[in-house]
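Each chain, written out:
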Amino acid sequence: MITFWFSIVVLAWVLFFVLEGFDFGVGVLGPLLGRDDHERGAIVRTIGPFWDGNEVWLVAAIGVTFAAFPAWYAALLSGLYLPVAALLLLLAVRGVALEFRGKGDGERWRRRCDIFLTASSAAIVLLWGALLAVFVRGLALGPDGSVTGSGLSRSLDPILTWQSLLGAGAALFAALLLGATFLALRTSGPVRRRARDLARWLGTGGAVAFVLIGFGTASRTVLAAAVLSLAAGLLARHGREALAFAATAAGVAGAVVAVMTANGHVVLPSTLDGSWSLTMSAAAATPSALSLLTVFGVIILPGVLAYQAYSYFVFRRRVASERVPS
């Protein structure tokens, strides 16, 4: 039962980072690939029907962690409360920018919303990448499983490391490649051509970077990311947008799974003493709580998956970025 619910937590995080990953990437790429207000509007419309539904998986990931692994949830939230609060604020800014973009009159209003959308999307991606590195490196857990330290350093020190810096850079690259392949898949006209060209260059450049890092660290995961990155670039170059997006999504999903399972049965290492690390069994709720949670999960989770799949099917057509002569 514990392993089953840990798998559900990992699945929720995978779906969040893949689905919201292209959302964030599109938000960052809007000003770069959209040369005027019409094209930027077309870019935003590609994620209009999906972005709020994609955020459901963040709620699911946090909610399931709270219910199935309360000690894990408590350690993460208490040790990272400032970055998490910043994430929530940035998500709110991004949501307002998306929702209010079409509410005001004039190009200046929409341009301001685009600026907030781009800035918040980039900041969210960088912060998430830094936080994912914490999942692998761990926190300053004491013998009772609580995070030690006080003040700002307790919450900021874990993300001010070179591992978090690498995580932030990798997350930004992944979001940009996801966003570029998604826009190539979901648009027509000039935005599609620019997105396809960008995906080609990102895929090739990312593959080279991953190969260099992979040989330096002897990491099979990094080398696999290099292969998928190169595949995405080559597929985008030859107009295989769907396969390019699938390759990128597979790379992101694999990276999230690798992060979440990097320490085996330890869900949160202690940077003070390895024996104080939080294990899966120690962090789990009682068997009766997990059994009750299973009943609700079997009912709710398939429904959410089916509804979201249906929404993607309904809004599957491309968004035109070219101007239609009147």
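Residues numbered from 1 in each chain as written. Predicted model: local features only at pLDDT ≥ 70, side-chain atom pairs only at ≥ 80, totals over all residues. Heavy atoms only, no water.

Asks: What should I look at first to understand the pattern of salt bridges in this one?
Replies: A side chain with one charge may pair with a side chain of the opposite charge, provided their charged atoms come close. Tallied over the full model, the rule gives twelve salt bridges. In this structure, the salt-bridge partner of E39 is R194, at a minimum N-O distance of 2.7 Å. With a gap of 155 residues between them, E39 in helix α2 (residues 37-47) and R194 in helix α10 (residues 190-217) connect regions that are remote in the sequence. The pair formed by E39 and R194 is uniform in burial state, with each residue classed as buried. Of the charged contacts in the structure, one is a salt bridge between R196 and E241, with a shortest N-O distance of 3.4 Å. Taken together, the positions of R196 in helix α10 and E241 in helix α12 (residues 241-260) put the pair 45 residues apart, joining distant regions of the chain. Accessibility expressed as a relative area gives 21% for R196, which makes it partly exposed. (Salt bridge = Lys/Arg side-chain N within 4 Å of Asp/Glu carboxyl O. Helix = DSSP H or I, 4+ residues; strand = E, 2+ residues; numbered from the N terminus. Buried < 20%, exposed > 50% of the residue type's maximum accessible area, 1.4 Å probe, protein only.)

Asks: For this particular structure, what's the right way to read empty space enclosed by the protein?
Replies: To find leftover empty space, one rolls a probe the size of a water molecule over the atoms. A complete count under the given rule lists one cavity of 30 Å³ or more for this structure. Its boundaries defined by the atoms lining it, the largest cavity holds a volume of some 50 Å³. As for the largest cavity, its lining consists of V26, G27, G30, P31, R40, I43, V44, I47, D114, L117 and T118. Only α1 (2-33), α2 and α7 (107-137) provide two or more residues apiece to the lining of the largest cavity. Of the residues that constitute the lining of the largest cavity, the class distribution is six nonpolar, three polar and two charged. (1 Å grid on protein atoms, 1.4 Å probe; cavity = no way out; pocket = protein on both sides within 12 Å on 5 of 7 lines; lining within 4 Å. Points joined across faces, edges and corners; volume = space filled by probe spheres on them. Nonpolar A, V, L, I, M, F, W, Y, C, P; charged D, E, K, R; others polar.)

Asks: Explain the packing of aromatic side chains here, please?
Replies: Any pair of aromatic rings gets described here by the distance separating the centres and the angle formed by the planes. Summed over all chains, the structure comprises 19 aromatic pairs. Their ring planes at 75° and their centres at 6.3 Å tell us that W13 and F135 sit as a pair that is edge-to-face. In this pair, W13 is assigned in helix α1 and F135 in helix α7, connecting sequence segments 122 residues apart. An identical accessibility class is assigned to W13 and F135; each is buried. Here F182 and F245 contribute two aromatic rings whose centre-to-centre distance is 5.9 Å and whose plane-to-plane angle is 55°, an arrangement assigned as tilted. With F182 in helix α9 (residues 162-186) and F245 in helix α12, this pair connects stretches of sequence that are 63 residues apart. (Phe/Tyr/Trp six-rings, centres within 6.5 Å; stacked < 30°, edge-to-face > 60°.)

Asks: Mind showing me how you'd approach the layout of surface pockets here?
Replies: Its volume calculated, the largest pocket comes out at about 1,400 Å³. What lines the largest pocket is a set of 45 residues, and nearest its centre among them are G167, A170, F210, A255 and V259. Taken together, the elements giving at least two residues each to the lining of the largest pocket come down to α1, α7, α9, α10, α11 (220-237) and α12. Considering each element in turn, the lining of the largest pocket owes the most residues, 13 residues, to α9.

Asks: Sorry if this is basic, but what is going on with the nonpolar core here?
Replies: Ranked by internal contacts, the top residues of the largest apolar core, which has 91 residues, are W13, F69, W72 and W128. Among the elements that take part in this core, α1 stands out by supplying 19 residues, more than any other. Once you skip the residues sitting within four places of it in the chain, W72 turns out to touch F6, V9, T65, F135, M260, V267, L268, L278 and A283. (Core = buried A, V, L, I, M, F, W, Y, C linked by side-chain atoms within 4.5 Å. Contact = heavy atoms within 4.5 Å.)

Asks: When you look at helix α6 (residues 81-100) in this model, what are you seeing that I'm missing?
Replies: The terminal C-alpha atoms of α6, which comprises 20 residues, lie 28 Å apart, in line with the 28 Å expected from a rise of 1.5 Å per residue. Within the sequence span of α6, burial applies to P83, L87, L90, L91, R94, G95, A97 and L98. Viewed along the axis of α6, the buried residues span an arc of 160°, placing them on a single side of the element. Turned more than 90 degrees from where α6 packs its buried face, L88 and L89 sit exposed. (Expected span 1.5 Å × (residues − 1). Arc of directions from axis to C-beta.)

Asks: Would you take a moment to explain helix α14 (residues 287-314) for this structure?
Replies: What sets the pattern is the α-helix's 3.6 residues per turn: residues three or four places apart point alike. Taking 1.5 Å of rise per residue, 28 residues should cover 40 Å, and α14 covers 40 Å from first to last C-alpha, within 8% of that figure. If you look at α14, its biggest bend is around 35°, right at G297. Buried within α14 are the following residues: L290, L293, T294, G297, Q308 and S311. For α14, the secondary structure elements touched by its buried residues are α1, α3 (51-54) and α4 (56-68). (Bend = angle between axes of the 7 residues up to and from the residue.)

Asks: Just checking my understanding: could you explain the environment of L126 for this structure?
Replies: Among the structural elements, L126 can be located in helix α7. Along the primary structure L126 and P83 are separated by 43 residues, whereas in three dimensions their C-alpha atoms are 11 Å apart.

Asks: It is not clear to me how the environment of L290 should be interpreted in this structure. Could you clarify?
Replies: Along the polypeptide, L290 turns up in helix α14. Apart from residues no more than four positions distant in its own chain, L290 is found in contact with M1, I2, W5, A68 and A285.

Asks: What is the right way to read the side chain of R40 from this model?
Replies: Counting through the fold element by element, R40 comes out in helix α2. A residue is classified by how much of its surface remains accessible, and R40, at 8% relative accessible area, is buried. Here D114 takes part through its side chain, which lies 3.4 Å from a polar atom of the side chain of R40. Filtering out sequence-adjacent residues up to four positions away, R40 remains in contact with G30, P31, G34, R35, R101, E107, R111 and D114. (Polar contact = N/O pair within 3.5 Å; in protein donor to acceptor, adjacent residues only side chain to side chain.)

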